[in-house]
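# Residue-level structural notes
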Amino acid sequence: MPRTLFTTPLVNTLLRGLSRLLLRLAGWRVEGSLAVDKCVLIAAPHTSNWDLPLTLMTAFVLDLRLHWLGKHTLFRPPFGALMRWLGGIAVQRHQKNNLVADSAQALREAEGRLQLIIPPEGTRDKVTVWKSGFYWIAHGAGVPIQLAYMDYAQRRAGLGPLIQPSGDYERDLITIRAFYAPFMGRHADKT
């Protein structure tokens, strides 16, 4: 995997301290800790553009090594290089490809710590059905799913339990969705 701000030594240290300070000043609490080196991290609810900076600051506080999937339009000049340095991987959402298989293989083969963060809604809009790619990437890579959250109502963000995908998506999704039920996104009407 290419170098990101999470793996740039001095930058990482400075941004971890700055993130702690900014989150504290904004009244946010960061909870939990990472128990594994590699996982698919799902972040929900995803309802606002503010989710990205809050996620990045939370990742610094928790000392994560994030990579995230984002729609390809975020990676256009002049900001493309910055988005990749922030850990972003461009995705063509409307193009048929082997994104799940390719992501699972990259996660399996990556050396060291790596967390691939995916918003299961696939959009900031209100959805009733989550996209299943996060699940099949974790299953294919043989890594757990780390449940991560941002609760704007309680001003807290962090890591919840790990879920090992059993291969029964519908059954596992019941457990996952139950965990997220109490959390409110920035735009509660989209939660």
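Residues numbered from 1 in each chain as written. Predicted model: local features only at pLDDT ≥ 70, side-chain atom pairs only at ≥ 80, totals over all residues. Heavy atoms only, no water.

Together, Leu18, Leu21, Leu22 and Leu25 give the surface a local cluster of nonpolar side chains, amounting to about 380 Å² of exposed area. Its place among the elements puts Leu21 in helix α1 (residues 9–25). (Patch = residues over 30% accessible without salt bridge, like charges linked within 9 Å, V, L, I, M, F, W, Y side chains within 5 Å. Areas by Shrake-Rupley, 256 points an atom, 1.4 Å probe, with all protein chains shown as cover. Salt bridge = Lys/Arg side-chain N within 4 Å of Asp/Glu carboxyl O. Helix = DSSP H or I, 4+ residues; strand = E, 2+ residues; numbered from the N terminus.)

Moving on to empty space enclosed by the protein. Under the defined criterion, the tally for this structure stands at 1 cavity of 30 Å³ or more. In this structure, the largest cavity occupies an estimated 110 Å³ of space. Around the largest cavity, the lining is made up of 15 residues, and of these Leu41, Thr55, Thr58, Ile117 and Ala148 lie nearest the centre. The set of elements that each furnish at least two residues to the lining of the largest cavity consists of β2 (38–44), α2 (51–61), β6 (145–151) and β7 (156–163). Taken together, the residues of the lining of the largest cavity sort by class into 12 nonpolar, 3 polar and no charged. (1 Å grid on protein atoms, 1.4 Å probe; cavity = no way out; pocket = protein on both sides within 12 Å on 5 of 7 lines; lining within 4 Å. Points joined across faces, edges and corners; volume = space filled by probe spheres on them. Nonpolar A, V, L, I, M, F, W, Y, C, P; charged D, E, K, R; others polar.)

Across the interface, α1 lies against α2 with an axial gap of 8 Å and an inter-helix angle of 115 degrees. One element, α1, and the other, α2, form an angle in the roughly perpendicular class. Every pair of crossing elements has a handedness; the one defined by α1 and α2 is left-handed. Of the residues in α2, those touching α1 at Asn12, Leu15, Arg16, Ser19, Arg20, Leu22 and Leu23 are Leu54, Met57, Thr58, Phe60 and Val61. Class assignment of the residues belonging to the contact of α1 with α2 gives a composition of 7 nonpolar, 3 polar and 2 charged. (Axes fitted to C-alpha atoms, helices over the stretch in contact; angles between N-to-C directions. Parallel < 35°, antiparallel > 145°, perpendicular 65-115°, else oblique. Left-handed = near helix turned anticlockwise from the far one by under 90°. Contact = heavy atoms within 4.5 Å.)

A few words now on the nonpolar core. Residues Val40, Ile42, Trp130, Phe134, Ile145, Ile176 and Tyr180 are the most contacted members of the largest nonpolar core, which totals 27 residues. Of all the secondary-structure elements, those providing two or more residues to this core are β2, α4 (99–109), β5 (114–118), α5 (133–141), β6 and α6 (169–180). Residue contributions to this core peak at 5 residues, all from α5. Setting aside chain neighbours within four positions, we find Ile176 in contact with Ile42, Trp130, Phe134, Ile145, Leu147 and Ile163. Among the nonpolar cores identified, the runner-up in size contains 18 residues, and Leu56, Leu62, Phe75 and Leu159 belong to it. (Core = buried A, V, L, I, M, F, W, Y, C linked by side-chain atoms within 4.5 Å. Buried < 20%, exposed > 50% of the residue type's maximum accessible area, 1.4 Å probe, protein only.)

Now for the packing of α5 against α6. A pair of packed helices is captured by two measures, namely the crossing angle of their axes and the spacing between those axes. Two elements in contact, α5 and α6, have axes separated by 11 Å at closest approach and are oriented at 115 degrees. Put simply, α5 runs roughly perpendicular to α6. Taken as a pair, α5 and α6 cross one another with a handedness that is right-handed. Within the contact between the two elements, α5 uses Phe134, Tyr135 and Trp136 and α6 uses Tyr169, Asp172, Leu173 and Ile176. In terms of residue class, the contact of α5 with α6 is made up of 6 nonpolar, no polar and 1 charged.

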